[in-house]
Amino acid sequence: MREIRFDRFGGPEVLTLHSDAPTPVPGGEEVLVRVAYVGLNPLDFKIRDGSSGMSRDLPLPAGTGRELAGTVIGAGSELDEAELRSRGLAPGTRVFGMRGPGDRRGVAAEVVAIAADDLAPIPDEVPPEDLPRWAGLALAGLTAIATVHDTAEIREGQTVLVHGGSGGVGQLLIPMSLEAGAAQVWATGRAANAERIRELGAVPIAYDTGDWQEELRRATGGRGVDVVLDTHYHSTFLASLDHVAEGGRIVALPSLADLSPARERGLDARVPGIVPGRGRLDRLVQGIRAGRYPLEVSQVLPLGEIAEAHRRLEDGHTRGKLVLDAQA
Ligand SMILES: NC(=O)c1ccc[n+]([C@@H]2O[C@H](COP(=O)([O-])OP(=O)(O)OC[C@H]3O[C@@H](n4cnc5c(N)ncnc54)[C@H](OP(=O)(O)O)[C@@H]3O)[C@@H](O)[C@H]2O)c1
């Protein structure tokens, strides 16, 4: 089968398509999935270039990719037909999910073995053309749940600023913050993405055509916001410290974000950590079904064009999700 691997840390060119990879054998509590689409995330290029905490001691060659949508085609010894059916994962079922944080195998391949607990069924009514969106849902979705609920702990009536409102995680942070009771959400992005940010329910603030700090100051009467959710971090984190209201909180998304400048000023600063599991995946399914999480896929590329996909992702301006077609 075809699989993407890299045998050294480096640029996108280290990603290589192999056509002769052995089909994996599922462990006892794992299922075998024929992959339809692979969702891409900044974490993928951070692991690939060696800058992620997850690159440490990673045995090479390694696979790449963390999340997927596909179809169950087999299972390990601990999962008989009855057990699979009770979990809604019978052979032939379409599923989506992501590798748990401790599982460093990739998913950019035609077939993968993955823990049954890290998958959930895709509702029958979902048309095939909508599958790319499901491939890109798990990682951004579980991150957004962890960010809004476990880390920022957004409460009724709070005001929120999201940096990067039209990105993969940002497109879910806006509706989830509103769902949690936020009274008002502002979100930064390029002016070209302002309409999308508005559709998601936030007030857009363009950082490329105006001064976002000035605009936020005006909008909040100088008070700032109760919660900053910073998906960008690089050029936004330090400046945002001036806009956290008294008793407020700032959450930076990149796992290796340096929070010390915030803490030195006595601010409550945190980084979220994904909590995996079926319960939260099912929560995402409910949100999508109800139309509350209109996550967008902006590009679908063939598996063999993964290096080009990483280049685009590294640009830092992906709108919604970038997805690979694993069978193309
Ligand atoms: N802690 C965790 O467990 C966890 C989990 C998932 C992701 N993450 C991290 O979260 C970050 C975001 O992930 P993602 O998947 O949402 O990335 P993404 O899809 O690539 O989105 C990047 C976003 O950043 C925006 N952006 C770029 N420059 C900006 C600027 N100067 N000011 C404001 N926004 C700017 C872009 O909007 P424009 O195009 O409009 O500029 C785009 O919306 C990554 O660092 C990722 O590694 C952490």
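Residues numbered from 1 in each chain as written. Predicted model: local features only at pLDDT ≥ 70, side-chain atom pairs only at ≥ 80, totals over all residues. Heavy atoms only, no water.

A. Examining the side chain of threonine 143 more closely. Counting through the fold element by element, threonine 143 comes out in helix H4 (residues 138-151). Relative accessible area serves as the criterion here: at 9%, threonine 143 is assigned to the buried category. (Helix = DSSP H or I, 4+ residues; strand = E, 2+ residues; numbered from the N terminus. Buried < 20%, exposed > 50% of the residue type's maximum accessible area, 1.4 Å probe, protein only.)

B. Focus on H4. Burial analysis of H4 places twelve of its 14 residues in the buried class, the great majority of the element. Positive backbone phi, approximately 50 degrees, marks glutamate 153, located one or two places after H4.

C. Layout of the site of the ligand. The local shell around the ligand holds 27 residues, among which Lys46, Arg190, Tyr207, Leu253 and His317 are the closest. A distance of 2.9 Å separates an oxygen atom of the ligand from a polar backbone atom of glycine 168. One of the side-chain nitrogen or oxygen atoms of histidine 232 is found 3.3 Å away from a nitrogen atom of the ligand. Here the ligand has 930 Å² of accessible area as a free molecule, and 91% of this is covered by the chains. Among the elements of the structure, helix H1 (42-49), H4 and strand S10 (184-189) are those that each provide at least two residues to the shell around the ligand. When the residues that make up the shell around the ligand are grouped by side-chain class, the tally is eight nonpolar, 17 polar and two charged. Counting residues domain by domain, the shell around the ligand receives three or more from each of domain 1 (3-137 + 295-325) and domain 2 (143-270). (Near = heavy atom within 4 Å. Polar contact = N/O pair within 3.5 Å; in protein donor to acceptor, adjacent residues only side chain to side chain. Areas by Shrake-Rupley, 256 points an atom, 1.4 Å probe, with all protein chains shown as cover. Nonpolar A, V, L, I, M, F, W, Y, C, P; charged D, E, K, R; others polar. Domains from an automatic or database assignment.)

D. A look at helix H7 (residues 212-219). For H7, the capping residue at the N-terminal end is aspartate 211, with a side-chain oxygen 3.0 Å from the backbone nitrogen of glutamine 213. In the stretch just after H7, glycine 221 is the one whose phi turns positive, near 60 degrees.

E. Inspection of the domain arrangement of the protein at higher detail. When cut into domains, the protein gives domain 1 (3-137 + 295-325) and domain 2 (143-270). Taken over C-alpha atoms, the centre of domain 1 sits 29 Å from the centre of domain 2. With eleven residues of domain 1 in contact, the opposing surface of domain 2 contributes twelve residues. Surface buried jointly by domain 1 and domain 2 totals about 840 Å² across both partners, of which 49% is contributed by carbon and sulfur atoms. For the domain 1 face of the interface with domain 2, the top three residues by lost area are Leu295, His317 and Arg319, together amounting to 52%. (Contact = heavy atoms within 4.5 Å. Buried area = accessible area lost by both parts, 1.4 Å probe.)

F. Quick look at the sheet that holds strand S14 (residues 268-270). The six strands are arranged S11-S10-S9-S12-S13-S14 in an open sheet whose pairing can be described as parallel. Across the chains shown, the open sheet's two edge strands, defined by having one partner strand only, are strand S11 (203-206) and S14. Taking the axes of each pair of neighbouring strands and ignoring which way they run, one obtains an average angle of 20 degrees across the sheet. In terms of strand pairing, strand S12 (residues 225-230) meets strand S13 (residues 244-252) through five bridges, oriented parallel. In the sheet register, valine 227 faces S13, and the bridge partner there is arginine 249. (Pairing = 2+ DSSP bridges. Axes fitted to C-alpha atoms, helices over the stretch in contact; angles between N-to-C directions.)

G. Summary view of the packing of H4 against helix H5 (residues 170-179). Between H4 and H5, whose axes approach to 9 Å, the crossing angle comes to 40 degrees. Between H4 and H5, the angle falls in the class oblique. At the point where H4 passes H5, the crossing takes the right-handed sense. Residues Ala140, Gly141, Ala144, Ile145, Thr147 and Val148 of H4 form the contact with H5, whose own contacting residues are Leu172, Leu173, Met176 and Ser177. Counted by class, the contact of H4 with H5 contains seven nonpolar, three polar and no charged residues. (Parallel < 35°, antiparallel > 145°, perpendicular 65-115°, else oblique. Left-handed = near helix turned anticlockwise from the far one by under 90°.)

H. Geometry of the nonpolar core. In this structure, Phe96, Trp134, Ile154 and Leu229 are the most contacted members of the largest nonpolar core, which totals 46 residues. Of all the elements, H4 adds the most residues to this core, at seven residues. In terms of domain composition, this core takes at least three residues from each of domain 1 (3-137 + 295-325) and domain 2 (143-270). Each residue touching tryptophan 134, except ones within four places of it in the same chain, is listed here: Leu68, Ala69, Phe96, Ile122, Pro123, Val126, Val285 and Ile288. Formed by 40 residues, the second largest nonpolar core is a distinct cluster that contains Met1, Ala309, Leu313 and Ala326. (Core = buried A, V, L, I, M, F, W, Y, C linked by side-chain atoms within 4.5 Å.)

I. Quick look at the pairing of S12. The buried count for S12 comes to six of six residues, which makes it a mostly enclosed element. Bridge analysis of strand S9 (residues 159-163) against S12 gives four bridges, and the strand direction is parallel. Looking across to S12, one finds that valine 160 is bridged to valine 227.

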